[in-house]
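# Residue-level structure breakdown
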Amino acid sequence: MVMLNFQSGLVMDIEIVEKADHLKLIEVWEASVRATHDFLTEDDLQELKSLILEQYFDAVDLRCAKNGNGEIQGFCGVHDGNIEMLFISPDARGKGIGAMLAAHAIKEQGASKVDVNEQNEQAVGFYRHIGFKVTDRSPVDGQGKLYPLLHMAL
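Residues numbered from 1 in each chain as written. Predicted model: local features only at pLDDT ≥ 70, side-chain atom pairs only at ≥ 80, totals over all residues. Heavy atoms only, no water.

### Quick notes on the overall build of the chain
Note the cut-off: Helix numbers and strand numbers start at the N terminus; a helix is a DSSP run of H or I with at least 4 residues, a strand a run of E with at least 2. The size measure is the radius of gyration over C-alpha atoms, and the globule rule it meets is 2.2 Å times the number of residues to the 0.38 power. Three exposure classes are used, based on accessible area relative to the maximum for each residue type with a 1.4 Å probe and protein chains only: buried under 20%, partly exposed in between, and exposed over 50%. Here, residues are in contact when the closest pair of their heavy atoms is within 4.5 Å. Note that accessible areas follow from Shrake-Rupley with a 1.4 Å probe, and for residues the cover is restricted to the protein chains shown. His residues and chain termini do not enter the charge count, which takes Lys and Arg as positive and Asp and Glu as negative. Note on charges: their place is set at NZ of Lys, CZ of Arg, CG of Asp or CD of Glu.
Along the backbone of the chain there are 4 helices and 8 strands. Listed N to C, the secondary structure of the chain is β-β-α-α-β-β-β-α-β-α-β-β in terms of helices and strands. Its C-alpha atoms give the chain a radius of gyration of 15 Å, near enough to 15 Å, the size a compact globule of 154 residues would have. Based on the C-alpha atoms only, the size of the chain along its principal axes is roughly 40 × 30 × 25 Å. Taking all 154 residues of the chain together, the buried fraction comes to 49%. Pairs at least 24 residues apart make up 57% of the contacts formed inside the chain by residues separated by at least 6 positions. Total accessible area on the chain stands at roughly 8100 Å², and carbon and sulfur atoms take up 49% of it. Charged side chains of the chain number 14 positive and 24 negative; the gap between the two group centres comes to 5 Å.

### With respect to helix α3 (residues 97–109)
Buried within α3 are the following residues: Ile-97, Gly-98, Met-100, Leu-101, Ala-102, His-104, Ala-105 and Gln-109. Backbone geometry just downstream of α3 places Gly-110 in the positive-phi region, at approximately 75°.

### Quick word on the packing of helix α1 (residues 22–36) against helix α2 (residues 42–56)
Rule in force here: The axes used here are C-alpha line fits, helices contributing only the stretch in contact, and every angle between their N-to-C directions lies in the interval 0 to 180 degrees. Any angle from 65 to 115 degrees is called roughly perpendicular, while one under 35 is roughly parallel, one over 145 is roughly antiparallel, and all others are oblique. By convention, the crossing between two helices is left-handed when the near helix turns anticlockwise from the far helix through less than a right angle, and right-handed when the turn is clockwise. The classification used treats Ala, Val, Leu, Ile, Met, Phe, Trp, Tyr, Cys and Pro as nonpolar, Asp, Glu, Lys and Arg as charged, and all other residues, Gly among them, as polar.
Two elements in contact, α1 and α2, have axes whose closest approach is 11 Å; the angle formed by their N-to-C orientations is 155°. Of the possible angle classes, the one that applies to α1 and α2 is roughly antiparallel. Seen from above, α1 lies across α2 with right-handed handedness. Of α2, the residues touching α1 (which contributes His-22, Leu-23, Ile-26, Trp-29, Glu-30, Val-33 and Arg-34) are Glu-42, Leu-45, Gln-46, Leu-48, Lys-49, Ile-52 and Leu-53. Broken down by class, the residue content of the contact of α1 with α2 amounts to 8 nonpolar, 2 polar and 4 charged.

Here it is in structure tokens:
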């Protein structure tokens, strides 16, 4: 467990995610996606939700940020130096939790790359703000759907 103070003065614990936390993580994921990915259809969202819960969580090194009450506020998953997922609970956005999780992923998990939906301008801006630069673009996402991805690296 890592305890961090960050810009808003809150204290967060970054912890390795246990399998028992996956249902809470998918709640955070869905709320976050509904708040930031307005380009996704409901069918695409539901398809992704199943894949994430059944496959993707187990394929990444997952860490979560918990507040002082032990409630998960956000999470990040890294695989092969790539930030594969970084989602923050909508009511916890804007408090530095994403930056804290990204910094942890970079420093402790060896992350140096990320793929971001081009239509998610907030995420693109966030990653640019913390030092990532666009290196390439794909016209489709990882599932082959017409959601372009920007490949970014430090």
